[in-house]
Every structure is written in structure tokens, then in C-alpha cells.
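As a plain string of letters, each chain reads:
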Amino acid sequence: MPTDSLPILRASVVQFESVPDRPDLNLRTVRRLAIKAAGDGAQLVAFPEMSLIGYWHLRNHSSERLLELAEPESGAHVRVVKDLAVDLGVGIGVGYLEAGSDGMLYNSYTICLPNGAVHTHRKLHAFEHDAIESGSNFTVFDTPWGVRIGILICWDNNIVENVRATALLGATVLVAPHQTGGTNSASPRGMKPIPAELWERRAVDPEAIQNAFRGPNGREWLMRWLPARAHDNGLFVLFSNGVGRDDDEIRTGNAMIIDPYGAVIAETWVADEAIVTANLDLGLVPLSTGRRWLRGRRPELYAILGQTQGNELGARAARFSQSPVDINR
């Protein structure tokens, strides 16, 4: 297909502070912000990970409470989003706790398309709670706009193989919902918490909290790796994120849209809910550096990527490990 015939997709990424365990209130926010984004011409609106029920507090719940909060993909809350997507004529992506038909719980993200189709991704590296399982499949699908979209949730995007696989499956747009920033990383040079008092004083001292959100525990950390996912694989990245209180941590927002060259084309660092919107020119993809480099791969050399090394850990153990990795094995 000639590059001048490739579509332009107008997309929005949203940051907002979910109310814990209150999908009714969070759905009101989703409706209000989706309507606003659609009014600005957005064809696709991406909300954060676990946006319908909140995120970090879930680790403190019992398994029984998680079962009460979970819903299947066909449940009432996703149906509300599906109906809204059809009514507005836009795609809407939301995160929630899924009750799988296999009896398991998943950190899931569903994109409801304006034609009534739904596509759900289960987080591949779930670490939030012992009762939440990790998914086992990549999620890439066609859309009414002639754009092939993939979904990876939060830590899925930190594992480089996941983004490469999503690109190889044909995605040119990656929806990347998160709840990140301000976490207490075990790495000496990783993220550290944002002081809660900066968030509480955001109305009287907005500069202080915005500086924190843009600093090493927020945007600066994202810039170390997130643009590389877009650049190295030749795809757009739609980064949506929570903002504000998330149990005992402060999420840093920084909603942004990154093009296939790794350039940030739209973003915010406000300490508030926000919508970031941009036109995605898919004509940039075919000649992008990463997309051309994909053709230079030598798959016969990469068997090691599919081999276990003997030191693998489960998602929770790896995420919370305080032990240095033995690099002399």
C-alpha cells in the first residue's frame, strides 16, 4: 500500500484518578471524558490500567473481595462502555478486573469498537495479587479505521520481547495503559515515591508537583525506555496512566502519544485529570527506522530468546525481588 494512502487515526489518551472499588463513579468519569474526547474528533480513546476499579489497593484485598469486584468481559460494566462506544462512534479502552470463564482472575483491558466488537488483553506479567493470574496471549486486531492495534498492559511494555512480538503480529498502534510513576523501585537508580504532600498541595503549589511529575520518578524515567519501544518497532505508542493517589503511592500521569520515531508528539504533566489528543499519521510507519530494521533481523540467531535460563521467576517474585541478579552464571 502506498504510504500516501495510509489512514490518519485521531487518538486520545486519558489520565485520571480512579475511585477505589467504585466502578459506578469511574464509569461516570469514563463517560464524561470519552464524550469530551469524541467532541474533539477522537476516534479512539484509551483510559488507564484498572481504570474501572482502581489498582494498587487491590493487593490489600482478600481473594474473596477480588471475586466480588471482578466481572466477565460480557459483564455490566464493559457493556456500558461498549454501548457508549457505539453511541459515540468511537473506540474506547478501559481496564478492569476480569472474571475469566476458566474461573481465574485477570488484570484485563478491553477496547470496545464503534461497530460493537470487543477485544480483551490479559496482562502477561500480573503481579498485583496472588489471586490474579497472568495472561498467555498477545492481543492484536483489525479495526474499522484500517489500523491494526495491539494492547500491552503496564509491565508488559517493560519486557522488550512483548512489544517486538506485537509489532511482528502486525500492530502499528500500541495501546499501553499503565498505573505507574512514583513507585518504590528496588533499583538504586529506579523510581522513588512522590511525596504525598506535594499532591495534597497541588492547588496552591502546582509548580512543585509538576516538577516532580516531570522528574526522575515520572517523565524522566519513562524517557529512559518508553520512546525506544516505539522507535525500535516502528509503531505509535498510546500511553495512558493513572494520576494522583493510588493507595499509598502517587501516580504521575504524564499521558503521552509517541510516534514511530520515538518522538513525543503530544503530552501533559499536569497534576490533574487530562486528555491528550493527536493525529496518528500511519504513513510514517513504512519508512520508520524501526520498521525497516525489522527486515534486517536474523531469526535463526534468536533461539536463545525462547529458551529458559534456569533463573526465571514468576511475575510477582520478579517484580518484588530485592536480591541482586547473578550476572556471572
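Residues numbered from 1 in each chain as written. Predicted model: local features only at pLDDT ≥ 70, side-chain atom pairs only at ≥ 80, totals over all residues. Heavy atoms only, no water.

(A) The arrangement of helix 4 (residues 160-168) in detail. Along helix 4, the residues classified as buried are Asn162, Val163, Ala165, Thr166 and Ala167. Elements that come into contact with the buried residues of helix 4 comprise strand 7 (139-142), strand 8 (148-151), strand 9 (173-178), helix 8 (226-233) and helix 9 (289-294). Glycine 170, located one to two residues past helix 4, shows a positive phi value of around 105°. (Buried < 20%, exposed > 50% of the residue type's maximum accessible area, 1.4 Å probe, protein only. Helix = DSSP H or I, 4+ residues; strand = E, 2+ residues; numbered from the N terminus. Contact = heavy atoms within 4.5 Å.)

(B) Highlighting the packing of aromatic side chains. Applying the stated rule across the entire model yields 7 aromatic pairs. An angle of 80° between the planes, with centres 6.1 Å apart, marks the rings of phenylalanine 16 and phenylalanine 47 as edge-to-face. Within this pair, whereas phenylalanine 16 is found in strand 1 (residues 8-16), its partner phenylalanine 47 is found in the loop between strand 2 (44-46) and helix 2 (63-69), the two being separated by 31 residues in sequence. Phenylalanine 47 matches phenylalanine 16 in its accessibility class, with the two residues each being buried. Ring centres 5.8 Å apart and planes at 85° place the aromatic pair phenylalanine 127 and phenylalanine 320 in the edge-to-face group. One end of the pair, phenylalanine 127, is in the loop between strand 5 (118-122) and strand 6 (132-133); the other, phenylalanine 320, is in helix 10 (residues 315-320), and 193 residues separate them in sequence. The class for phenylalanine 320 is partly exposed, based on a relative accessible area of 35%. (Phe/Tyr/Trp six-rings, centres within 6.5 Å; stacked < 30°, edge-to-face > 60°.)

(C) Examining the pattern of salt bridges more closely. If you walk through the whole model with that rule in mind, you get 17 salt bridges. With its nearest N and O atoms 2.8 Å apart, the salt bridge here joins glutamate 200 to arginine 245. Of the two residues, glutamate 200 is situated in helix 5 (residues 196-200) and arginine 245 in strand 10 (residues 236-246); the sequence distance between them amounts to 45 residues. Of the charged contacts in the structure, one is a salt bridge between glutamate 300 and arginine 298, with a shortest N-O distance of 3.1 Å. Linked through salt bridges whose partners overlap, the residues forming this network are Asp21, Arg65 and Glu68. (Salt bridge = Lys/Arg side-chain N within 4 Å of Asp/Glu carboxyl O.)

(D) Structural detail: unusual backbone geometry. Backbone geometry at aspartate 21 places phi at a positive 65°, although glycine is not the residue there. The residue aspartate 21 is located in the loop between strand 1 and helix 1 (23-39) in this model. Aspartate 21 sits in the buried class, given a relative accessible area of 17%. Of note in this structure, aspartate 247 is not a glycine but carries a positive phi near 60°. Checked against the element boundaries, aspartate 247 lands in the loop between strand 10 and strand 11 (249-252).

(E) Main features of the packing of helix 4 against helix 8. Interaxial distance between helix 4 and helix 8 falls to 10 Å at its minimum, and their mutual angle equals 35°. The crossing of helix 4 and helix 8 is right-handed. Contacts between helix 4 and helix 8 involve Val160, Val163, Arg164 and Ala167 from the former and Arg229, Asp232 and Asn233 from the latter. When grouped by side-chain class, the residues that make up the contact of helix 4 with helix 8 number 3 nonpolar, 1 polar and 3 charged. (Axes fitted to C-alpha atoms, helices over the stretch in contact; angles between N-to-C directions. Left-handed = near helix turned anticlockwise from the far one by under 90°. Nonpolar A, V, L, I, M, F, W, Y, C, P; charged D, E, K, R; others polar.)

(F) Layout of the nonpolar core. Residues Val30, Phe47, Leu52, Ile53, Ile92, Val94 and Leu97 are the most contacted members of the largest nonpolar core, which totals 35 residues. For this core, the secondary structure elements donating two or more residues are strand 1, helix 1, helix 2, helix 3 (76-88), strand 3 (91-99) and strand 4 (105-112). In terms of residues, this core owes the most to one element, helix 1, which gives 5 residues. Each residue touching valine 30, except ones within four places of it in the same chain, is listed here: Phe16, Phe47, Leu52, Leu84, Ile92 and Val94. (Core = buried A, V, L, I, M, F, W, Y, C linked by side-chain atoms within 4.5 Å.)

(G) Molecular detail of the pairing of strand 11. Residues Glu249 and Arg251 of strand 11 are buried on one face, and the alternating residues Ile250 and Thr252, pointing to the opposite face, are buried as well. Adjacent in sequence and paired antiparallel, strand 10 and strand 11 are bridged by 2 residues, among which aspartate 247 carries a positive phi angle near 60°. (Pairing = 2+ DSSP bridges.)

(H) Spatial organisation of the environment of leucine 169. For leucine 169, the location among the structural elements is in the loop between helix 4 and strand 9. On the accessibility criterion, leucine 169 (43% relative accessible area) is partly exposed. Between the C-alpha atoms of leucine 169 and arginine 297, which are 128 residues apart in sequence, the distance is 15 Å. Excluding residues within four positions of it along the chain, leucine 169 makes contact with Phe138, Val140 and Arg148.

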